[in-house]
Structures are given as structure tokens and as C-alpha cells.
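Geometric and topological summary
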Amino acid sequence: METKSRTLEITILSGEDLRIDNKSVKKNAFVVVWIDPFNFKTTKMDVEGGSCPSWNDKIVMDMAMQTRFVSLEVKCKASGGDKTVGFARIPVTDFIGGYSPETCLHFLSYRLRDPKGMKNGIINVSVRVKEPLYACSSQAAAAGMGIPIDGRKDFGVVTGIPI
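What this report covers is the structure whose coordinates are included nearby. Treat the numbers as computed from the prediction; the structure is a model and nothing was measured.

To continue, consider the overall build of the protein chain. Per the secondary structure count, the protein chain includes 1 helix and 10 strands. When the helices and strands of the protein chain are placed in sequence order, the string is β-β-β-β-β-β-β-β-β-β-α. Within the protein chain, buried positions represent 36% of all 163 residues. Considering only residue pairs separated by 6 or more positions, the protein chain has 58% of its internal contacts joining residues 24 or more positions apart. If you sum the accessible surface of the protein chain, you get close to 10,400 Å²; carbon and sulfur atoms cover 54% of it.

See below:
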């Protein structure tokens, strides 16, 4: 069975008010973007942004059709190893499925939660689907199937919005 996927372009823009144990992050913050446990990528480290880092790092990843969330984990490199600053989960429905085209660029901001579940800063990202999956109606129109509209022979596709 063939697995279908979309290609996502996720730009990790910046963070705001990042803290570890109620102390501002000084430097060396980075983000791990997770699609699933085996599909993740890491941004470059921001060495001078402190508690308001700026990465502006573009990541391109494949996302399986059944994926429901994209996870962002902000970490800080310290002498004792990497420490988790905060975690956010982006519902796929925030950038796929609404009234805007799938390839539209979405600017999103999410509240980070630390490992204890407490609020711990904000992360700003942009997300865009690079290669949209075509819906059934588009494939049917391309194949010449459908109902003629106003006597035309091009079998146009009509989109209806439920009321």
C-alpha cells in the first residue's frame, strides 16, 4: 500500500520570554521539530538572543497524511546537557483544511509549556504546504468526469460550502 504525504516548509522564526526554572535563558537555544518519533529536524543554535532568540531557520519535511500534530520542542544547550525549555503542538488543522488554499503561508504563534505544564514563553513560526495533495474532485475534473455546467463541455468543478 502506498503512503501519501505532503511536503511542509516550516520556518522557525523566533521565541519570546524563554525561561528555565523561572530564570531567563541566557543563550544557546534551539528548536527540535517533530512530525513523528522517526521524523525530526533541528534548527541552528541561537548563541546571542537570550530569552528572545531569533532563528529564522527554514525546515522542509515530509508529513504523512494521517499526521494530526507537528510538535515543537525548544531546548537550551547547557554544561550538563540539553535542557527542555518548552513544548508546543501545532494541530495540522491550523494550516490545512480551512478556506484558504493549502499552499498559503500561515504565520502562527504558540504558547510553550515546560515539562511541568507551566506557561513558558512563546514560539513564532510560519508554515506552508509546498506540494498540496489534490482532492478527489480535482482528479475527477482532470479525468473529464463531472457534470456539464451551463452547457459547457469542460466539466468544471463546483465547490460548495455547507450552511
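There's plenty left to go through after this.
This part is about the side chain of Asn124. Its place among the elements puts Asn124 in strand E10 (residues 119-131). Since its relative accessible area comes to 11%, Asn124 is described here as buried. In this structure the side chain of Asn124 is engaged in a polar contact, spanning 2.9 Å, whose partner is the side chain of Glu16. Side-chain polar atoms of Asn124 contact the side chain of Ser109, separated by 2.6 Å. Beyond its immediate sequence surroundings of up to four residues, Asn124 is in contact with Thr11, Ile12, Leu13, Ser14, Glu16, Leu108 and Ser109.

Once that is clear, we can look at the pattern of salt bridges. For the structure shown, the criterion picks out 3 salt bridges. Among the salt bridges present, the one from Asp17 reaches Arg19, with a minimum N-O distance of 3.2 Å. Take Asp17: its relative accessible area is 38%, and that puts it in the partly exposed class. The residue Lys77 makes a salt bridge to Asp82 at a minimum N-O spacing of 3.3 Å. On the accessibility criterion, Lys77 (41% relative accessible area) is partly exposed.

In summary, soluble globular proteins display a tendency toward joint burial of nonpolar side chains. With 31 residues, the main nonpolar core has Leu8, Ile12, Val33, Val70, Phe95 and Ile123 as its most contacted residues. Going through the elements one at a time, strand E1 (5-16), strand E4 (29-36), strand E6 (54-64), strand E7 (69-78), strand E8 (81-91), strand E9 (106-113) and E10 are the ones with two or more residues in this core. If sequence neighbours within four positions are ignored, Ile123 has contacts with Ile12, Ser14, Gly15, Val31, Leu72, Val74, Ala88, Leu108, Ser109, Tyr110 and Leu112.

Here we come to the packing of aromatic side chains. Each aromatic ring pair is characterised by the separation of its centres together with the angle its planes make. In the structure shown here, the tally under the stated rule is 1 aromatic pair. Seen from their ring centres, Trp34 and Phe40 are 4.5 Å apart, and the 35° between their planes marks the pair as tilted. Under the relative-accessibility criterion, Phe40 is labelled partly exposed at 42%. Above the face of the Phe69 ring, Arg89 is positioned so that its terminal group lies 3.8 Å from the ring centre.

One can find Asp57 in strand E6. For Asp57, the residues in contact, after removing those within four places along its chain, are Ile10, Thr11, Ile12, Thr43 and Lys44.

Cut-offs applied
Residues numbered from 1 in each chain as written. Predicted model: local features only at pLDDT ≥ 70, side-chain atom pairs only at ≥ 80, totals over all residues. Heavy atoms only, no water. Helix = DSSP H or I, 4+ residues; strand = E, 2+ residues; numbered from the N terminus. Buried < 20%, exposed > 50% of the residue type's maximum accessible area, 1.4 Å probe, protein only. Contact = heavy atoms within 4.5 Å. Areas by Shrake-Rupley, 256 points an atom, 1.4 Å probe, with all protein chains shown as cover. Polar contact = N/O pair within 3.5 Å; in protein donor to acceptor, adjacent residues only side chain to side chain. Salt bridge = Lys/Arg side-chain N within 4 Å of Asp/Glu carboxyl O. Core = buried A, V, L, I, M, F, W, Y, C linked by side-chain atoms within 4.5 Å. Phe/Tyr/Trp six-rings, centres within 6.5 Å; stacked < 30°, edge-to-face > 60°. Lys NZ or Arg CZ within 6 Å of the ring centre and 35° of its normal.

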